Amino acid sequence: MSKLILLHTSHHLTPIHRRVLNAAVLTPVSKPLLTPFSLSGLRPQCLRSSFSPPLSLRSLSARAFDSSSSSSSETKEEELKQIDGESGPQGKVNSESVNTGTADKDYPTGEFQFEKMSSWKSFVVKLRMLIALPWERVKKGSVLTIKLRGQVSDQLKSRFSSGLSLPQICENLVKAAYDPRISGVYLQIESLNCGWGKVEEIRRHVLDFKKSGKFILAYVPACGEKEYYLASACQEIYAPPSAYFSLFGLAVQASFVRGVLENVGIEPQVERIGKYKSAGDQLARKTMSEENCEMLTALLDNIYGNWLDVISSTRGKKREDIENFINEGVYQVEKFKEEEGWITNIHYDDEVISLLKERLGVQKEKVLPMVDYRKYSKVRQSTVGLSGGKDKIAIIRASGSISRVRGSFSLPGSGIIGEQFIEKIRSVRESKKYKAAIIRIDSPGGDALASDLMWREIRLLAASKPVIASMSDVAASGGYYMAMAADTIVAENLTLTGSIGVVTGKFNLGKLYEKIGFNKEIISRGKYAELLAAEQRSFRPEEAELFAKSAQNAYKQFRDKAAFSRSMTVDKMEEVAQGRVWAGKDAASRGLVDAIGGLSRAVAIAKLKANIPQDRQVTLVELARPSPTLPEILSGIGSSLVGVDRTMKELLQDLTFGDGGVQTRMEGIMFQRLEGASQANPIFSLLKDYLSSL
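Just so we're clear, the structure is a prediction, and the values are computed from it rather than from any experiment.

1. Some details on the overall build of the protein
Here is step 1: On a plain count of helices and strands, the protein comes out with 24 helices and 24 strands.
Here is step 2: Taken over 694 residues, the protein has a buried fraction of 55%.
Here is step 3: Looking at the protein as shown, the accessible area adds up to about 29900 Å², and 52% of this sits on carbon and sulfur atoms.

Dropping the structure here:
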C-alpha cells in the first residue's frame, strides 16, 4: 500500500507586500439583490461537539457560553479564553443567548452609485493628469480595450506577470468610469477559463460602468455560454462572420480510472466521509454514484437556469423562447443577428474600430486613441480622483489548493500556503490601522490540518475586528472551512461552496510489484507501525478500522465546527454537509452563506460591522502575494533540469493525500468542468482529472 508522503522543508516566510486600493463609491440600497431568506428557524440547541467551542461568530452573543452578566472587557477576555480551549461546562451553546443572524435583505447591498465630479474636483483631476508619470498618461478621448481570454486569476498581478487579474479588471472599469480621458470601453471576449463567480463579478462591473453614461462594446469571435453571459451586459455585441458560436447548453462529465489502475496492478484504498463526497471516486469507482449524480444534476440545473433567466431578462425575451432557440442547435452567426436582440451586427474587428472612430469624431486616416488593459492598470486611482478615506479595510486573498507549508518546487503565489496565510492574518490582527478584514477565497480545498490552523487564526482575528468572507468561483471543502470562521459569508449566485467532508487514502501496489519483479520487506515495532509504510499489501482488519476512524474523526471536527460557526445544531448541519457541494444561492437558503454578492457587498457589510457610515469612502489595503524573485525562478528551473524524477515525485505528492493523509478537497472534475476548464486532449484531461481529485 503506497502512501505518497509529502516531505516538507522549512522555508523563510517572505515579507508581506501591500498594495493600497481605494474603495469605489458605495452607498446602501434598500432593494435586496435577491429574494431574501431567513435564518430565524436555525436556533442551535446543545451542540454535540468534539472540540472546545471558540469565540462567537456572525451575530452570536458573547453570552452564548456564559449566562452571567459581565462587562465588555470581561466578555472579550472570556472569548479569548474560549479560543484557548477554556470553554464552559460540556462546551454547550445556550440557544436562548444566540442571535440567529441577519437576513440577506438586512445587509447593505454595496451597489455602485456613479457620482459626477464637482467642478473643483474635476479641475484637480485634470491638473494631476498634466503632471502624471509617463506610464499614467492617457490621450484624451481614448478607448480602454480589454481582451478577456483564458484564465482569470483572483490574485493581483505584478507588472511582470502575464495573464488577467480579476481585481485589476474590476479596478480598471471603475477608474475608466471616472477618468475624463476615457470615452468608452471595448471588450474583446474569447474562451474564458474561469468560473461563474468571476464572470458574475466582471459582469457586475460592466453594468456599473454603464452608469457613467459612457459606451461599452463587446466583440466575440469565439462565444460559448459563459462568454455570451458576459457580453450580454454590454450595450452592443459584434461578431465576425466566421465567429465560433457554441450556445448549445451546458454539460458536466466524470472520468474514472479504477479500471486503468487495476490493469497495472494498483489497488486504491480510499476512505471518504460523506455520501456526496465524490473526491476519490475517480480512483475507487468505475461509474458515477447516485449521490454524485444527484449533486451534479442540481448544480448544473442551477447554472443553466441562472443563465436562461439572466439572458432572457437582458434580451427582453421569454425564458422558453431562449431555451427553444438554444435547442435548435444554432451555429451560424447570421441567425444570431436575424433573431432580434442576440447580437447587434456582424463586423470584423477593423470595422468595429471604424465605427468607434465615427462615433468619437476621429478622421478615418487617423489612429483611434486606445489604451490597453495592462498599461491602464498602471494608472493609480488617485490620478482619476478616487481617493480613499482614512478608514482602512484589509483584503487577504486566498486562492488555489491548500497546503500547510510550501513544497520544494512550489513557486510563490501558487496555491494557499498555510504558514504564509497565517502570517498575514496575524499582521492584520496585531495592527490597529485596520477597522475590518475581508478574506477573499477562491479555493477547492486541500490539506485538512492547514485548513484548521487557518480557521483558528481567522477566529482569533474575528475576536478583535469584523471579518467578512467573500467567495469567488469556489470556496468548498477546505475553502469553506476557512470561510466559516468569518462573521459574515458573502458568495456569488453560482459560487461552488460547502463540500463539508473529508477524504483520505493510499495505494496497494502489491500486484504491480509482482509484475515488475520488485519486492519489499518491512521490520516494524508497534501494532500500527506499517499503516502507511506497507504499500505492498492491503490493510489488515485492525488497520482498516483505525484508518476509517481517523477519517471519521476529522469529518466530525469539520462538521461540528461548521455547525457552531453557522449557529446550527449538529443534526441540522449534517443535513447540508455529507460532502455535498452547493451553488451559492442554495447555500444561502440553507444557512451556509449569509448574503449574495461580490466584493463590493463584502466591503459594505464590513463597513456596517465596523460602524463606518456607508457613504464614507474607505481604503482597501491588499495584502498581495510577492512576485517570485529571479533567484527563485532560476533555482526552480535548475532543480527541474537536474532532478526530473524528484520533481515528478513532488508533483504527485502535492496532488495526493498530503502529509497526514486527510484532505478537505472538492472533487477535481467538478472544479474543472463546472468552472470552465479549457478543452484539451482527452487523454491529458483524463490524467488531469485523476491527479487533481486525489
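2. Here we look at the packing of aromatic side chains
Here is step 1: Enumeration according to the criterion identifies 14 aromatic pairs in this entry.
Here is step 2: Consider the rings of Tyr-481 and Phe-558, whose centres lie 4.4 Å apart with planes at 25°: the pair is stacked. Note that Tyr-481 is positioned in helix H15 (residues 478-483) and Phe-558 in helix H17 (residues 541-565), a separation of 77 residues in sequence. Both residues of the pair, Tyr-481 and Phe-558, belong to the buried class.
Here is step 3: Ring-pair connections join several aromatic residues into one group, and the members of that group are Tyr-228, Phe-245, Phe-325, Phe-336 and Trp-342.
Here is step 4: Between Arg-203 and the ring centre of Tyr-229, over which it is positioned, the NZ or CZ distance is 5.1 Å.
Here is step 5: For Arg-359, the ring lying beneath its charged end belongs to Phe-215, and the centroid distance is 5.3 Å.

3. Some words on the packing of helix H13 (residues 418-430) against helix H14 (residues 448-462)
Here is step 1: It is the contact of H13 with H14, at a shortest axis distance of 9 Å, that shows an interaxial angle of 5°. One element, H13, and the other, H14, form an angle in the roughly parallel class. Every residue of H14 that contacts H13 at Gly-418, Phe-421, Ile-422, Ile-425, Arg-426, Val-428 and Arg-429 is listed here: Leu-453, Met-454, Glu-457, Ile-458, Leu-460 and Leu-461.
Here is step 2: Looking at the contact of H13 with H14, its residues break down into nine nonpolar, one polar and three charged.

4. Overview of the side chain of Arg-537
Here is step 1: Counting through the fold element by element, Arg-537 comes out in the loop between helix H16 (510-516) and H17.
Here is step 2: Judged by its relative accessible area of 17%, Arg-537 falls in the buried class.
Here is step 3: Within the structure, Arg-537 has its side chain in polar contact with the side chain of Glu-530 (distance 3.0 Å).
Here is step 4: A polar contact of 2.9 Å, which involves the side chain of Arg-537, links it to the side chain of Glu-543.

5. Thoughts on the nonpolar core
Here is step 1: The biggest cluster of nonpolar side chains holds 65 residues, and the ones touching the most others in it are Leu-148, Phe-245, Trp-307 and Trp-342.
Here is step 2: Counting residues per element, this core draws most heavily on helix H3 (residues 166-178), at eight residues.
Here is step 3: Setting aside anything within four residues of it in sequence, one finds Trp-342 in contact with Tyr-228, Ile-237, Leu-247, Trp-307, Ile-311, Arg-315, Lys-317, Ile-322, Phe-325, Ile-326 and Phe-336.

6. Comments concerning the pairing of strand S17 (residues 467-476)
Here is step 1: Counting buried residues along S17, 10 of its 10 residues qualify, which places the element largely inside the surrounding structure.
Here is step 2: Bridge analysis of strand S15 (residues 434-443) against S17 gives six bridges, and the strand direction is parallel. Residue pairing for S17: Ala-437 is matched across the bridge by Val-467.
Here is step 3: Taken together, the three bridges between S17 and strand S18 (residues 488-491) define a ladder with parallel strand orientation. In the sheet register, Ala-469 faces S18, and the bridge partner there is Ile-489.
Here is step 4: In this region the chain leaves S17, passes through H15 and returns to the parallel neighbour S18; the handedness of that crossover is right-handed.
Here is step 5: Two strands pair when backbone bridges link them, and S17 and strand S19 (residues 496-498) are joined in this way by three bridges, in the parallel orientation.

7. Points about H3
An α-helical turn contains 3.6 residues, so a residue and the one three or four places further along point in the same direction.
Here is step 1: Between the first and last C-alpha of H3 there are 19 Å, a value that for 13 residues agrees with the 18 Å anticipated at 1.5 Å per step.
Here is step 2: With respect to burial, H3 is a largely interior element, 13 of its 13 residues being buried.

8. Thoughts on the pattern of salt bridges
Here is step 1: In this structure the tally under the stated criterion is 35 salt bridges.
Here is step 2: With a closest N to O distance of 3.3 Å, Arg-258 and Glu-262 form a salt bridge. With Arg-258 and Glu-262 both in helix H6 (residues 258-264), this residue pair falls four residues apart, about one helical turn.
Here is step 3: As a salt-bridge pair, Arg-272 and Asp-281 come within 2.8 Å of each other at their nearest N and O atoms.

9. Quick look at the environment of Ile-500
Here is step 1: As for its placement among the helices and strands, Ile-500 is situated in the loop between S19 and strand S20 (502-508).
Here is step 2: Given the relative accessible area of 0%, Ile-500 is considered buried.
Here is step 3: The sequence separation of Ile-500 and Met-573 amounts to 73 residues, and the corresponding C-alpha distance is 9.3 Å.
Here is step 4: If sequence neighbours within four positions are ignored, Ile-500 has contacts with Tyr-480, Tyr-555, Phe-558, Arg-559, Ala-562, Met-573, Ala-577, Gln-578, Gly-579, Arg-580 and Leu-592.

10. Looking at unusual backbone geometry
Here is step 1: Even without being a glycine, Ser-499 presents a positive backbone phi close to 55°.
Here is step 2: Tracing the backbone shows Ser-499 in the loop between S19 and S20.
Here is step 3: On the basis of relative accessibility, which here comes to 2%, the residue Ser-499 falls in the buried class.
Here is step 4: Phi angles above zero are rare outside glycine, and Gln-578 is one such case at about 60°.
Here is step 5: With respect to the element layout, Gln-578 can be found in the loop between helix H18 (570-576) and strand S21 (581-583).

11. Side note on the pairing of strand S4 (residues 182-193)
Here is step 1: Of all the 12 residues making up S4, 10 are buried; the element is thus mostly covered by neighbouring parts of the structure.
Here is step 2: One ladder, built from nine bridges, connects strand S2 (residues 142-153) with S4; its direction is parallel. Within S4, the residue paired with Lys-147 across the bridge is Gln-188.
Here is step 3: Pairing geometry for S4 and strand S5 (residues 215-219), over five bridges, is parallel. Following the sheet pairing, Leu-187 is matched in S5 by Ala-218.
Here is step 4: Handedness of the crossover is the feature at issue here: the chain leaves S4, passes through helix H4 (residues 196-210), returns alongside S5, and the resulting connection is right-handed.

12. A short note on the packing of H14 against H17
Here is step 1: At a minimum axis separation of 12 Å, H14 and H17 run at an interaxial angle of 20°. Here H17 runs roughly parallel to H14, going by the angle between their axes. Helix-helix and strand crossings are classified by hand; for H14 and H17 the assignment is left-handed. Between H14, through Asp-452, Trp-455 and Arg-459, and H17, the contact on the second element is made entirely by Lys-561, Phe-564 and Ser-565.

13. Details of helix H20 (residues 599-609)
Here is step 1: Burial of H20 is extensive: nine of the 11 residues sit out of reach of the surface.
Here is step 2: Those residues of H20 that fall on the buried side of the exposure criterion are Leu-599, Ser-600, Arg-601, Ala-602, Val-603, Ala-604, Ile-605, Ala-606 and Lys-607.
Here is step 3: At the C-terminal side of H20, Asn-611 shows a positive phi close to 60°.

14. Some details on a nonpolar patch on the surface
Here is step 1: A cluster of nonpolar side chains, contributed by Trp-120, Phe-123, Leu-127, Leu-130 and Ile-131, occupies part of the molecular surface with about 640 Å² of accessible area.
Here is step 2: Relative to the assigned elements, Leu-127 resides in helix H2 (residues 119-130).
Here is step 3: The exposure class of Leu-127 is partly exposed, given its relative accessible area of 44%.

Conventions adopted
Residues numbered from 1 in each chain as written. Predicted model: local features only at pLDDT ≥ 70, side-chain atom pairs only at ≥ 80, totals over all residues. Heavy atoms only, no water. Helix = DSSP H or I, 4+ residues; strand = E, 2+ residues; numbered from the N terminus. Buried < 20%, exposed > 50% of the residue type's maximum accessible area, 1.4 Å probe, protein only. Areas by Shrake-Rupley, 256 points an atom, 1.4 Å probe, with all protein chains shown as cover. Phe/Tyr/Trp six-rings, centres within 6.5 Å; stacked < 30°, edge-to-face > 60°. Lys NZ or Arg CZ within 6 Å of the ring centre and 35° of its normal. Axes fitted to C-alpha atoms, helices over the stretch in contact; angles between N-to-C directions. Parallel < 35°, antiparallel > 145°, perpendicular 65-115°, else oblique. Contact = heavy atoms within 4.5 Å. Nonpolar A, V, L, I, M, F, W, Y, C, P; charged D, E, K, R; others polar. Polar contact = N/O pair within 3.5 Å; in protein donor to acceptor, adjacent residues only side chain to side chain. Core = buried A, V, L, I, M, F, W, Y, C linked by side-chain atoms within 4.5 Å. Pairing = 2+ DSSP bridges. Right-handed = clockwise from strand over helix to strand, strands pointing away. Expected span 1.5 Å × (residues − 1). Salt bridge = Lys/Arg side-chain N within 4 Å of Asp/Glu carboxyl O. Left-handed = near helix turned anticlockwise from the far one by under 90°. Patch = residues over 30% accessible without salt bridge, like charges linked within 9 Å, V, L, I, M, F, W, Y side chains within 5 Å.

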